[in-house]
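Breakdown of the fold
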Amino acid sequence: MVKAIIIGIVITIVGLFALSVVDKVASGDALINGQPTTEVVDESKNKVSISGEINHPGSYYVSPDQTLAFLIDLAGDVTADADSSCYNPSILIGTRTSFYIPPVAASQGVCVDSEMAKTNINTADANDLEKVGFNSSQALNLVDYRESNGLFETIEDIVKVKGIGQATFEKVKNKISIS
C-alpha cells in the first residue's frame with residue numbers, strides 16, 4: 001500500500017512538471033533560436049529574428065548593446081550569397097526586432113543567377129526609388145524622412161517612414177541597399 005502511494009505521488013509530480021513544460025512551449029514563451037526549451041531567458045535580452053542569407057535563420061536573445069555582427073555570429077554567419085552593401089555589421093541591435101540579409105544575386109532558375117542592381121536608399125532621389133517599387137508618395141516620404149532624420153542605418157528602417165509598412169518592405173527588400 002505504501003509503495004502504491006509513493007508511486008502515485010511520483011507520477012503526479014512528473015505529470016505536473018511535464019504539463020508545465022508543455023504549457024510554456026504552447027504559449028511560445030520558451031523558444032530559443034526557434035526551438036522549444038525549458039531554459040530561463042535573461043529578461044535584459046531582446047528576442048531578435050534574422051533571416052535571408054544567413055546560415056541559421058531564426059530568433060535569438062541578444063542584449064540591445066550587442067551589434068549585428070554578434071547576432072550574425074550567433075546565427076552561424078552569412079552565406080556566400082549575402083550582399084554586404086545591404087547591412088552594417090557594426091550597427092547596435094538597440095530596439096530592433098528583426099534583420100534581413102538580402103542576396104547579391106537573384107535566382108532565375110535552377111542553374112542561373114543574375115546579380116541584382118540595387119538602389120541606395122541613402123542617396124537615391126524619388127524617381128530612382130519609384131523604379132524600385134515605391135509609389136510616388138512613399139518615395140517622397142522616404143527622401144523627406146532621410147533629410148530630416150539622417151541616413152538609414154538598416155534597410156529595415158524604411159518601415160519608420162510614413163506610408164511604408166512591412167508589405168512594402170517585403171516587396172523591395174532585395175532591391176535596396178544602404179551603401
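Residues numbered from 1 in each chain as written. Predicted model: local features only at pLDDT ≥ 70, side-chain atom pairs only at ≥ 80, totals over all residues. Heavy atoms only, no water.

The next subject is the sheet that holds strand E5 (residues 98–101). Read across the open sheet, the three strands follow the order E4-E3-E5; overall the sheet is mixed. Two strands close off the open sheet at either side, each with one partner strand: strand E4 (58–62) and E5. In this sheet, adjacent strand axes meet at a mean angle of 25 degrees when their direction is disregarded. Pairing of strand E3 (residues 46–52) with E5 involves four bridges; the strand directions are parallel. Considered in E5, the bridge of serine 51 is made with tyrosine 100. (Pairing = 2+ DSSP bridges. Helix = DSSP H or I, 4+ residues; strand = E, 2+ residues; numbered from the N terminus. Axes fitted to C-alpha atoms, helices over the stretch in contact; angles between N-to-C directions.)

This brings us to unusual backbone geometry. Among all residues except glycine, the phi angle is most often negative; among peptide bonds, the trans geometry is most common. You will see that aspartate 77, though not glycine, has its phi angle at about 80 degrees, which is positive. Here aspartate 77 falls in the partly exposed class, since its relative accessible area comes to 41%. (Buried < 20%, exposed > 50% of the residue type's maximum accessible area, 1.4 Å probe, protein only.)

This part takes up the packing of aromatic side chains. Inspection of every chain in the model, using the stated rule, returns two aromatic pairs. Judged by centre distance (5.6 Å) and plane angle (15 degrees), the rings of tyrosine 145 and phenylalanine 152 are stacked. When its relative accessible area of 22% is taken as the criterion, tyrosine 145 is described as partly exposed. We classify phenylalanine 152 as buried; its relative accessible area is 5%. (Phe/Tyr/Trp six-rings, centres within 6.5 Å; stacked < 30°, edge-to-face > 60°.)

With four of five residues buried, E4 is to be regarded as a mostly interior element. For E3 and E4, the ladder comprises five bridges, and the chain directions are antiparallel. Along E4, the bridge assignment pairs asparagine 46 with valine 62. If you look at the hairpin formed by E3 and E4, you'll find five residues sitting between the two strands.

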